[in-house]
Protein chains: 2
Amino acid sequence: MNAALQGAFRALADPTRRDILMHLSARDMTIAEVADHFSITRAAVKKHLTVLEEGRLISVRTEGRERINHLEPVGLKPVADWVNYFDRYWDDRLLGLQRAVKDHERKNDD
Amino acid sequence: MNAALQGAFRALADPTRRDILMHLSARDMTIAEVADHFSITRAAVKKHLTVLEEGRLISVRTEGRERINHLEPVGLKPVADWVNYFDRYWDDRLLGLQRAVKDHERKNDD
DNA sequence: TTAACATAATACCAGATGGTATCATGTCAA
DNA sequence: TTGACATGATACCATCTGGTATTATGTTAA
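Quantities reported herein were computed from a predicted structural model and do not represent experimental measurements.

**Student:** Would you take a moment to explain the overall build of chain A for this structure?
**Tutor:** Secondary structure summary: chain A contains seven helices and three strands in total. Of the regular secondary structure in chain A, the N- to C-terminal order runs α-α-β-α-α-β-β-α-α-α. Expressed as a percentage of its 110 residues, the buried residues of chain A come to 36%. Considering only residue pairs separated by 6 or more positions, chain A has 49% of its internal contacts joining residues 24 or more positions apart. Working note: accessible area of chain A is about 6,800 Å², and carbon and sulfur atoms make up 50% of it.

This is how it looks when you write it as structure tokens:
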């Protein structure tokens, strides 16, 4: 059970949360600042931020009465690694190469 | 709005479904063959396969009474693209470069 | 033709999820 | 000190989700 992978994938499953990450890639933001970009309540945004934090995709620091949310891009690395495992299957150049190999094998079988 | 991305991310959020994709990357399989690798019912596996199909991560062809599930790795491309957008933020070499640039700027500010 | 087989379809359940509303707490500034 | 402000905490709701069990349909092979 890869907890880091599951936490990250779970967090990424919601479009609002993916959108939040995009906003945070521009700059750190308080909850209120994040919420300004959406039409849902701050409480709902706060829940999304909690899920993102659990997935290690953001970190949070408190400054006075503000809670500042910061992108943690390294949390995406497990996801990138998992997805890129399949590169070999969709990469056009590799697919072409595979076809060439198969053709070659077929010729030798004849 | 981006249906392909959402369908794929939604499908990938469940660990069983990610596991199924790994199995299907080895070879095509019927529902029963996929189910052999898990301790849940075939009906539950079938539901997962439906979600994977909706996310365009697999395709299905019927042969007689069998339903053969086939990996569609290209469906992962939108996900790979989305995740790789953040490469610039976690790539160690780039982070090192950013730090160097900041140091340089700080020196000039003094 | 008929029995075994692979899958489809449906109904149902418990718990997770995304949302709201409301009230409490801590912090800043006049 | 006190009011405005940013967030935290809690309770609640409808819907989605992952699972089960059961029954139905189509297919193969004896």
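**Student:** Looking at this structure, how should I read the protein's contact with DNA strand D?
**Tutor:** Near DNA strand D there are 17 residues, and of these Lys46 and Arg67 of chain A together with Thr41, Lys47 and His48 of chain B occur at the shortest range. If you look at DNA strand D and keep only atoms within 4 Å of the protein, 78% of those are sugar or phosphate atoms. The contact in question runs from a phosphate oxygen of DNA strand D to an N or O atom on the backbone of Ala32 of chain A, over 3.0 Å. A distance of 3.3 Å separates a phosphate oxygen of DNA strand D from a polar atom in the side chain of Arg67 of chain A. Of all the secondary-structure elements, those providing two or more residues to the surface near DNA strand D are helix H3 (31–35) of chain A together with helix H4 (42–54) of chain B. When residues of the surface near DNA strand D are assigned to their parent elements, the largest contribution, four residues, is made by H4 of chain B.

**Student:** Got a minute to help me understand the interface of chain A and chain B in this structure?
**Tutor:** For an interface, size is often stated in terms of accessible area lost upon the parts coming together. With 24 residues of chain A at the contact, the number on the chain B side is 24 residues. Summed over both sides, the interface between chain A and chain B buries roughly 2,500 Å², with carbon and sulfur atoms accounting for 77% of that surface. For the pair chain A and chain B, the number of links is zero salt bridges. Our count for the chain A to chain B interface comes out at six residue pairs in polar contact (both at pLDDT 80 or more). Of all the secondary structure elements, the ones that give two or more residues to the side of chain A that touches chain B are helix H1 (3–12), helix H2 (15–26), helix H5 (77–84) and helix H6 (87–90) of chain A. Broken down by element, the side of chain A that touches chain B gets its largest block of residues, six residues, from H5 of chain A. When its residues are assigned to classes, the side of chain A that touches chain B shows 19 nonpolar, three polar and two charged.

**Student:** What is the right way to read the protein's contact with DNA strand C from this model?
**Tutor:** Neighbouring DNA strand C are 17 residues, the closest being Thr41, Lys47 and His48 of chain A together with Lys46 and Arg67 of chain B. Take the atoms of DNA strand C that sit within 4 Å of the protein: sugar and phosphate atoms are 79% of them. A distance of 3.1 Å separates a base oxygen of DNA strand C from a polar side-chain atom of Arg65 of chain B. When residues of the surface near DNA strand C are traced back to their parent elements, those giving at least two are helix H4 (42–54) of chain A together with helix H3 (31–35) and strand S3 (66–71) of chain B. With three residues, the single largest contributor to the surface near DNA strand C is H4 of chain A. Looking at the surface near DNA strand C residue by residue, the classes come out as four nonpolar, four polar and nine charged.

**Student:** How should the nonpolar core be read in this particular structure?
**Tutor:** Side chains of a nonpolar character, in soluble globular proteins, are inclined to be buried together. Counting residues in hydrophobic clusters, the biggest one holds 52 residues, and the most contacted among them are Leu21 and Trp82 of chain A together with Leu21 and Trp82 of chain B. Other than its neighbours up to four places away in sequence, Leu21 of chain A contacts Leu12, Leu52, Leu57, Ile58 and Leu71 of chain A together with Trp82 and Phe86 of chain B.

**Student:** So what exactly am I meant to see when it comes to helix H2 (residues 15–26) of chain B here?
**Tutor:** Residues separated by three or four positions in an α-helix point in the same direction, a consequence of the helix having 3.6 residues per turn. Residues and elements named next belong to chain B. Its twelve residues place the ends of H2 18 Å apart at the C-alpha level, agreeing with the 16 Å of an ideal helix rising 1.5 Å per residue. Buried within H2 we find Arg17, Arg18, Ile20, Leu21, Leu24 and Ser25. Considered in projection along H2, the buried side chains sweep an arc of 155° and stay on one side of the axis. Between the side-chain oxygen at the start of H2 and the backbone nitrogen of Thr16 there is a gap of 2.8 Å, and the oxygen is on Asp14.

**Student:** Teacher, can you tell me more about the sheet that holds strand S2 (residues 58–63) of chain B here?
**Tutor:** Whether parallel or antiparallel, the strands of a sheet pair through hydrogen bonds between backbone atoms. Residues and elements named next belong to chain B. The antiparallel open sheet is built from three strands, whose spatial order is S1-S3-S2. This sheet does not close on itself; its edge strands, each paired only once, are strand S1 (29–30) and S2. Note: S2 against S3, six bridges, orientation antiparallel. Across the sheet, the residue bridging to Thr62 is Arg67, located in S3. Packing against the sheet, H2 makes contact with S1, S2 and S3, and its axis sits at approximately 95° to S3. H4 contacts S2 and S3 of the sheet and is inclined by roughly 120° relative to S2.

The rules behind these values
- Residues numbered from 1 in each chain as written.
- Chains lettered and ligands numbered in written order.
- Predicted model: local features only at pLDDT ≥ 70, side-chain atom pairs only at ≥ 80, totals over all residues.
- Heavy atoms only, no water.
- Helix = DSSP H or I, 4+ residues; strand = E, 2+ residues; numbered from the N terminus.
- Buried < 20%, exposed > 50% of the residue type's maximum accessible area, 1.4 Å probe, protein only.
- Contact = heavy atoms within 4.5 Å.
- Areas by Shrake-Rupley, 256 points an atom, 1.4 Å probe, with all protein chains shown as cover.
- Near = heavy atom within 4 Å.
- Polar contact = N/O pair within 3.5 Å; in protein donor to acceptor, adjacent residues only side chain to side chain.
- Buried area = accessible area lost by both parts, 1.4 Å probe.
- Salt bridge = Lys/Arg side-chain N within 4 Å of Asp/Glu carboxyl O.
- Nonpolar A, V, L, I, M, F, W, Y, C, P; charged D, E, K, R; others polar.
- Core = buried A, V, L, I, M, F, W, Y, C linked by side-chain atoms within 4.5 Å.
- Expected span 1.5 Å × (residues − 1).
- Arc of directions from axis to C-beta.
- Pairing = 2+ DSSP bridges.
- Axes fitted to C-alpha atoms, helices over the stretch in contact; angles between N-to-C directions.

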